[in-house]
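# Structural description and commentary
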Amino acid sequence: MQSQTKHPQLFSFEFYPPKTEEGAISLHVVHAQLAKLNPDFFSVTFGAGGSTRDKTLDTVIDIQSQGVAAAPHLSCVASTKDNIRAILKNYQDKGIAKIVALRGDLPSGMLSAGEFRYANELVDFIRQETGDYFQIHVAAYPEVHPQATSAAEDFKNFKRKVDAGANAAITQYFYNADAYFYFIDNCEKNGITIPIVPGIMPITQYTQLFRFSEMCGADIPRWMRKRLEGFGDDRASVQAFGLDLVSTLCQRLLDNGAPGLHFYTMNQSVPTLAILERLNIK
Ligand code: FAD
């Protein structure tokens, strides 16, 4: 596998914009706990169909004002060149310098994302409009994007985003480390040298995880599915198994040169902190 160790280790945490006042208060606590680990940045998602645009901005400003860099996700869905230009200007005015650029998930019935069809077009536009100002992260799919016509085409499409000017990538979550190592080898063979940070999804329950994995194309290996199902309502056993499994995965990734880890926190600190403690990252 490519040694990605030449990059400094990058740890980042992903939030979604809270939907309620209660959620906002809880996120403040979660943010404060995770900020103690001195992450590279916090990222904030952009709801399907652009539904949380203002909330993404508010959450990012709130986080950035507390001293750690924040990276808003920005998607092509329902976007025009004019409104993306305005959003970029707003981010620049607020001193936000990192962006996670995505196509976004299309709401059912929508066939095309809008003026930008794919993330590579968005990356290209950001570079044209703002030069090197933003550090741009893009998504990568070691287990292949669910709508891709083939694994080879999907990889070519990933390379388009890198060629358009992405500085780093964050992967969809996975539980097969070999899929990531294979992807990194392929990057090396194709001259892609940007850091590709594994996306990590802690396991706290399984019905939602199975449903979500089905939609986003993350493979849950049969042995893992059977084990999780076998715990039934015994939540403590699900969590203990999930902690063992995910911390072992993270350790293996880091030991083999992964440049850091990006945690899909689901706005909770405890599962992520437990994993990092196992990894001795405090
Ligand atoms: P793209 O890179 O554009 O790829 C989408 C599909 O089109 C792929 O199948 C690809 O092979 C194909 N393709 C790409 N370029 C071309 C081209 N030029 N010609 C032909 N085919 C092409 N979704 C949200 O709605 N909000 C979020 O905040 C969000 N955050 C995410 C964060 C991370 C780290 C990840 C991994 C995913 C996130 N997603 C989010 C989900 C993401 O938006 C979906 O997976 C979406 O379906 C694809 O987005 P993308 O940027 O990878 O798209």
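Up top you'll find the structure we're talking about.
Now for a description of the structure that goes with this document. (Residues numbered from 1 in each chain as written. Predicted model: local features only at pLDDT ≥ 70, side-chain atom pairs only at ≥ 80, totals over all residues. Heavy atoms only, no water.)

### Some thoughts on the pairing of strand β7 (residues 196-200)
Counting buried positions along β7 gives five out of five residues, so the element sits mostly inside the fold. Of the two faces of β7, both are covered, the one formed by I196, P198 and I200 as well as the one formed by V197 and G199. Looking at chain direction, strand β6 (residues 168-173) and β7 are connected through three bridges and run parallel. Across the sheet, A169 pairs through a bridge with I196, a residue of β7. Once you follow β6 into helix α6 (residues 177-189) and on to β7, the crossover reads as right-handed. (Buried < 20%, exposed > 50% of the residue type's maximum accessible area, 1.4 Å probe, protein only. Helix = DSSP H or I, 4+ residues; strand = E, 2+ residues; numbered from the N terminus. Pairing = 2+ DSSP bridges. Right-handed = clockwise from strand over helix to strand, strands pointing away.)

### What about the side chain of S79?
Among the structural elements, S79 can be located in the loop between β3 (70-75) and α3 (81-93). Only 2.9 Å separates the side chain of S79 from the backbone oxygen of S75, close enough to count as a polar contact. (Polar contact = N/O pair within 3.5 Å; in protein donor to acceptor, adjacent residues only side chain to side chain.)

### Concerning the packing of helix α9 (residues 235-255) against helix α10 (residues 270-278)
Between α9 and α10, the least distance of the axes is 9 Å, while the angle of their chain directions is 55°. The angle between α9 and α10 falls in the class oblique. Judged by the twist between their axes, the crossing of α9 over α10 is right-handed. Of α10, the residues touching α9 (which contributes L243, D244, V246, S247 and C250) are A274, I275 and R278. (Axes fitted to C-alpha atoms, helices over the stretch in contact; angles between N-to-C directions. Parallel < 35°, antiparallel > 145°, perpendicular 65-115°, else oblique. Left-handed = near helix turned anticlockwise from the far one by under 90°. Contact = heavy atoms within 4.5 Å.)

### Brief notes about unusual backbone geometry
The backbone phi angle of A78 is positive, close to 60°, even though this residue is not glycine. Here A78 is to be found in the loop between β3 and α3. Overall, A78 belongs to the partly exposed group, its relative accessible area being 41%. Positioned with a positive phi, N267 is a non-glycine residue whose angle comes to about 60°. Checked against the element boundaries, N267 lands in the loop between β8 (260-264) and α10.

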